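For reference, the chains in residue letters:
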Amino acid sequence: MWIGWTEFDLLLGDVHSLKEKRSVVRPVLAEVKRRFDVSVTEAGLQDQYRRTVIGVGLVAADRAHLIEVLAAVERFMAARPELELLSARQREIRSDD
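In what follows, the accompanying structure is described. (Residues numbered from 1 in each chain as written. Predicted model: local features only at pLDDT ≥ 70, side-chain atom pairs only at ≥ 80, totals over all residues. Heavy atoms only, no water.)

### Some words on the packing of aromatic side chains
Reasoning step 1: Considering all chains together, one arrives at one aromatic pair under this definition.
Reasoning step 2: The interplanar angle of 70 degrees and the centroid separation of 5.8 Å between the aromatic rings of F36 and F76 together place this pair among those described as edge-to-face. Taken together, the positions of F36 in helix α1 (residues 18-36) and F76 in helix α2 (residues 63-79) put the pair 40 residues apart, joining distant regions of the chain.
Reasoning step 3: Note on F36: relative accessible area 17%, which makes it buried.
Reasoning step 4: The exposure class assigned to F76 is buried, which follows from its relative accessible area of 9%.
Reasoning step 5: Across the ring face of W2, the terminal group of R63 is positioned such that the distance to the ring centre comes to 5.9 Å. (Phe/Tyr/Trp six-rings, centres within 6.5 Å; stacked < 30°, edge-to-face > 60°. Helix = DSSP H or I, 4+ residues; strand = E, 2+ residues; numbered from the N terminus. Buried < 20%, exposed > 50% of the residue type's maximum accessible area, 1.4 Å probe, protein only. Lys NZ or Arg CZ within 6 Å of the ring centre and 35° of its normal.)

Structure representation (structure tokens):
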């Protein structure tokens, strides 16, 4: 079994308050969860209205599937016009490590 996750450091576009931030981040979280069937959460920088860290996690039977899904999520995040992907940190581990 393989466990993998990616942390996305994101800059939000035309956002001027935490309320506006929520209106941008929540739909992104819902779409990632729906489209890729992964666990997803806002994992950092909750007190800053123009930045966020979104974490995505997945458990898979093989590493190839894990890498494929996490790469697809990264492409999705990079393609969103309301987000600027500053960095993505990915990690995979095997359950017997």
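Next comes the rest of the description.
### A word on the pattern of salt bridges
Reasoning step 1: For the coordinates displayed, the defined rule picks out eight salt bridges.
Reasoning step 2: Its salt-bridge partner being E42, residue K21 comes within 3.1 Å of it at the nearest N-O pair. Residue K21 is found in helix α1, and its partner E42 is found in strand β2 (residues 39-44); the two are separated by 21 residues along the sequence.
Reasoning step 3: Overall, the relative accessible area of 3% leaves K21 in the buried class.
Reasoning step 4: A residue is classified by how much of its surface remains accessible, and E42, at 22% relative accessible area, is partly exposed.
Reasoning step 5: With its nearest N and O atoms 2.7 Å apart, the salt bridge here joins R80 to E82.
Reasoning step 6: Taking relative accessible area as the criterion, E82 reaches 25% and is therefore assigned partly exposed.
Reasoning step 7: Here the salt bridges do not stand alone but share partners, grouping E31, R34 and R35 into one network. (Salt bridge = Lys/Arg side-chain N within 4 Å of Asp/Glu carboxyl O.)

### Description of the side chain of D9
Reasoning step 1: As for its position among the elements, D9 is in strand β1 (residues 2-12).
Reasoning step 2: By relative accessible area, D9 is classed as buried at 13%.
Reasoning step 3: Polar contacts involving the side chain of D9 include one to the side chain of R51, which spans 2.7 Å.
Reasoning step 4: Contacts of D9, omitting those with residues within four sequence positions, involve L45, R51, T52, V53, E84, L85, L86, S87 and R89. (Polar contact = N/O pair within 3.5 Å; in protein donor to acceptor, adjacent residues only side chain to side chain. Contact = heavy atoms within 4.5 Å.)

### Observations regarding the packing of α1 against α2
Reasoning step 1: Taken N-terminus to C-terminus, the directions of α1 and α2 make an angle of 145 degrees; their axes are 11 Å apart at the nearest point. Of the two elements, α1 crosses α2, and the hand of that crossing is right-handed. Note on element contacts: α2 touches α1 through V69, A72, V73, F76 and M77, opposite V28, E31, V32, R35 and F36. (Axes fitted to C-alpha atoms, helices over the stretch in contact; angles between N-to-C directions. Left-handed = near helix turned anticlockwise from the far one by under 90°.)

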